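# Breakdown of the fold
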Amino acid sequence: QVQLVESGGGLVQAGGSLRLSCAVSGRTFSNYAMGWFRQAPGKEREFVAAISRRSVNTDIADSVKGRFTISRDNAKNTVYLEMNSLKSEDTAVYLCTAGSGSWPPMDYWGKGTLVTVSS
């Protein structure tokens, strides 16, 4: 079983930055593609970003392209989401995912970390 624990969320002013982290345990981290999704209050869950096992391929949602960056450190079993120029519409619970059979990866999910952007 794969365990995913997100951290780094919080309250930030519009225009600010945050870096989310997702620590993975339980299985070999480098065997999994990793991703981030988000769910805002009253809205459906949406894809944010994904990165392949060796960081060769990345995918970023159009809504955050140019502002968010996904990266991973296989030595630290951690995936990151760097978020810049934050907007109020980025307010959501951000969830980390891992997977080996689909793109974006969705086999395993963390519990999420809340990001609140104040305008």
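Read from one edge to the other, the open sheet built from four strands follows the order β1-β3-β8-β7, with strand pairing classed as antiparallel. Every interior strand has two partners, whereas the edge strands, β1 (3-7) and β7 (68-73), have only one. This sheet shows a mean twist of 15° between the axes of neighbouring strands, independent of strand direction. In the sheet, β7 pairs with strand β8 (residues 78-83) via six bridges, with the strands oriented antiparallel. Counterpart to Ser-71 in the pairing with β8 is Tyr-80.

With that settled, the discussion passes to the pattern of salt bridges. Counting across every chain of the model gives four salt bridges. Between Glu-46 and Arg-38 there is a salt bridge, with the nearest N and O atoms lying 2.6 Å from each other. One salt bridge in this structure joins Asp-90 and Arg-67, with 2.7 Å as the shortest N-O distance. Taken together, the positions of Asp-90 in the loop between β8 and β9 (92-99) and Arg-67 in the loop between β6 (58-60) and β7 put the pair 23 residues apart, joining distant regions of the chain. Residues Asp-90 and Arg-67 agree in their burial class; the two are buried. Several salt bridges converge on common partners, so that one network encompasses Arg-38, Glu-46, Arg-67 and Asp-90.

It is worth spelling out the nonpolar core at this point. Counting 31 residues, the largest nonpolar core has Leu-4, Met-34, Trp-36, Val-79, Leu-81, Met-83 and Tyr-94 as the members making the most contacts within it. Counting only elements with at least two residues in this core, the list comes to β3 (18-25), β4 (33-39), β5 (46-51), β7, β8, β9 and β11 (113-118).

Before going further, it helps to spend a moment on the packing of aromatic side chains. Think of a pair of aromatic rings as described by two things: how far the centres are apart, and how the planes are tilted against each other in angle. Scanning the model with the defined rule gives three aromatic pairs in all. Pairing Tyr-32 with Tyr-108 gives two aromatic rings, centres 6.0 Å apart and planes at 85°, and the pair type is edge-to-face. In this pair, Tyr-32 is assigned in the loop between β3 and β4 and Tyr-108 in strand β10 (residues 108-109), connecting sequence segments 76 residues apart. A relative accessible area of 9% places Tyr-32 in the buried class. Connected via pairs of aromatic rings, a cluster forms that spans Phe-37, Phe-47 and Trp-109. Looking at Arg-45, its charged tip hangs above the ring of Trp-109, at a distance of 4.5 Å from the centre.

Right, let's get into the state of the cysteines. Enumeration according to the criterion identifies one disulfide in this entry. The side chain of Cys-22 participates in a disulfide bridge whose partner is Cys-96; the two sulfur atoms lie 2.1 Å from each other. Here the disulfide of Cys-22 and Cys-96 is left-handed, its torsion about the S-S bond being about -85°. Of this pair, Cys-22 sits in strand β3 while Cys-96 sits in strand β9, and the two are 74 residues apart along the sequence. Residue classification places Cys-22 among the buried positions, given a relative accessible area of 0%.

Definitions and limits used
- Residues numbered from 1 in each chain as written.
- Predicted model: local features only at pLDDT ≥ 70, side-chain atom pairs only at ≥ 80, totals over all residues.
- Heavy atoms only, no water.
- Pairing = 2+ DSSP bridges.
- Helix = DSSP H or I, 4+ residues; strand = E, 2+ residues; numbered from the N terminus.
- Axes fitted to C-alpha atoms, helices over the stretch in contact; angles between N-to-C directions.
- Salt bridge = Lys/Arg side-chain N within 4 Å of Asp/Glu carboxyl O.
- Buried < 20%, exposed > 50% of the residue type's maximum accessible area, 1.4 Å probe, protein only.
- Core = buried A, V, L, I, M, F, W, Y, C linked by side-chain atoms within 4.5 Å.
- Phe/Tyr/Trp six-rings, centres within 6.5 Å; stacked < 30°, edge-to-face > 60°.
- Lys NZ or Arg CZ within 6 Å of the ring centre and 35° of its normal.
- Disulfide = S-S within 2.5 Å.

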